[in-house]
Amino acid sequence: MNLTPLVQTFVLHFGEMGSRWGINRTVGQIYALLYVSAKPLNADEIAESLGFSRSNVSMGLKELASWQLIRLQHLPNDRREYFSTPDDVWAIFRTLAEQRRKREIDPTLSMLRDALIQTASSDEDLHAQKRLQEMHDLIELVSDWFDDIRHLDTRTLVQLMKLGAKAQKFLELKNKLMLSGGGKSGKDTGES
């Protein structure tokens, strides 16, 4: 299976970007090929298209399966396994974000919690714990926010993302209204 110049450019670029995101270049290229493929591909087709050994493709597919980023399929009258990606790019985004959270964010929060319950034995430790608390609070806030938005339907999520700076203007207006009405602003309560 020969790749068109367009597909080849995307696959090569995605592999390079993948290595910058912390995934193996080969895994990134396999995923890019599956993503743009009009039909599910088996391991032999992937190996032939990318010029990879069958064992490298097999390892790459296992990695992608562990991230829950590919679907395994069987075709009628064919004993081989075929692979594809979800059709919805938002489903891919949600899965990738959730997997990164499980692998990177959750262990970091756990380590920070453990460090924060330790008794500080010096001024340096007290300073460090204060900084760790700030980091913990930020990461936890972002994680809670992600939990909230990952349950939104795609249409609502797209609308939310398109708001951009308009959301800030809305919050500023809300705070002005609360101040003029005698209520507490988000700045006073620490909420927005």
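Counting starts from 1 at the beginning of each chain's written sequence and moves along it residue by residue. This being a predicted model, a pLDDT of at least 70 is required before a residue's local features are given, and a value of 80 or more before pairs of side-chain atoms are given or counted; all residues contribute to the totals for chains, interfaces and linings. In computing side-chain values, all of the structure's heavy atoms are included and hydrogens and water are not.

(A) Highlighting the layout of surface pockets. Definitions used throughout: a 1 Å grid over protein atoms alone; a cavity as a set of points that fits a 1.4 Å probe which cannot get out; a pocket as an open set with protein on both sides within 12 Å along at least five of seven lines; a lining residue as one with an atom within 4 Å of a point. Grid points are joined across faces, edges and corners, and a volume is the space filled by probe spheres set on the points. Looking at the largest pocket, its volume works out to about 340 Å³. Along the walls of the largest pocket sit 16 residues, with Phe14, Trp21, Tyr31, Leu69 and Leu96 positioned nearest its centre. Helix and strand definitions follow DSSP, with helices as H or I runs of at least four residues and strands as E runs of at least two, each counted in order from the N terminus. Among the elements of the structure, helix H1 (5-20), helix H2 (25-36), helix H4 (54-66) and helix H5 (89-117) are those that each provide at least two residues to the lining of the largest pocket. Broken down by class, the residue content of the lining of the largest pocket amounts to 14 nonpolar, no polar and two charged. Here the term charged refers only to Asp, Glu, Lys and Arg, the term nonpolar to Ala, Val, Leu, Ile, Met, Phe, Trp, Tyr, Cys and Pro, and the term polar to all other amino acids, Gly among them.

(B) Looking closely at unusual backbone geometry. Of note in this structure, glutamine 68 is not a glycine but carries a positive phi near 60°. One can find glutamine 68 in the loop between H4 and strand S2 (71-74).

(C) Representation of the sheet that holds strand S3 (residues 81-84) within the structure. Pairing between two strands is assigned when DSSP locates at least 2 bridges connecting them. Ordered by their spatial adjacency, three strands build an open sheet running S1-S3-S2, and the pairing between neighbours is antiparallel. Only two strands of the sheet have a single partner each, and these edge strands are strand S1 (41-42) and S2. Examined bridge by bridge, S1 and S3 share two bridges and lie antiparallel to one another. Note that in S3 the partner of asparagine 42 across the bridge is tyrosine 82.

(D) Looking closely at the environment of methionine 178. As for its placement among the helices and strands, methionine 178 is situated in helix H8 (residues 165-180). In this structure, the C-alpha to C-alpha distance between methionine 178 and isoleucine 92, residues 86 residues apart in sequence, is 40 Å.

(E) How the structure looks around the nonpolar core. Nine residue types can take part in a nonpolar core, namely buried Ala, Val, Leu, Ile, Met, Phe, Trp, Tyr and Cys, and a core is a set of them joined through side-chain atoms within 4.5 Å. When accessible area is computed with a 1.4 Å probe and restricted to protein chains, residues below 20% of their type maximum are described as buried, those above 50% as exposed, and intermediate ones as partly exposed. Of all hydrophobic cores here, the largest spans 22 residues; its most connected members are Ile30, Leu34, Ile46, Val57 and Leu61. Of all the elements in the fold, those that place two or more residues in this core are H1, H2, helix H3 (43-50) and H4. Tallying contributions element by element places H2 first for this core, with six residues.

(F) Fine view of H8. Helix span, expected: 1.5 Å multiplied by one less than the number of residues in the helix. If you check H8, its first and last C-alpha atoms are 23 Å apart, about what 16 residues at 1.5 Å a residue would give, namely 22 Å. Buried residues are scarce in H8, accounting for one of its 16 residues.

(G) Geometry of the confidence of the model for the protein. Scored by pLDDT, the protein has a mean of 90; 94% of the residues are at 70 or more. Under a pLDDT of 50 for its full length, residues 185-189 has, in the predicted model, six contacts with residues more than four places off or in other chains. Note: pLDDT gives the predictor's confidence per residue, expressed from 0 to 100. Here, two residues are considered to be in contact whenever any of their heavy atoms come within 4.5 Å of each other.

(H) Representation of the pattern of salt bridges in the model. The term salt bridge refers to a pairing of a side-chain nitrogen on Lys or Arg with a carboxyl oxygen on Asp or Glu at a separation within 4 Å. Per the counting criterion, the structure on display carries twelve salt bridges. Put simply, lysine 39 and glutamate 45 hold a salt bridge, and the shortest N to O gap is 3.4 Å. When the shortest N-O distance is used, the salt bridge between glutamate 98 and arginine 150 registers 3.2 Å. Of this pair, glutamate 98 sits in helix H5 while arginine 150 sits in helix H6 (residues 123-150), and the two are 52 residues apart along the sequence.

(I) The arrangement of the pairing of S2 in detail. Pairing analysis gives four bridges linking S2 to S3, with the strands arranged antiparallel. From the neighbouring strand, arginine 71 faces S3, where its bridge partner is serine 84.

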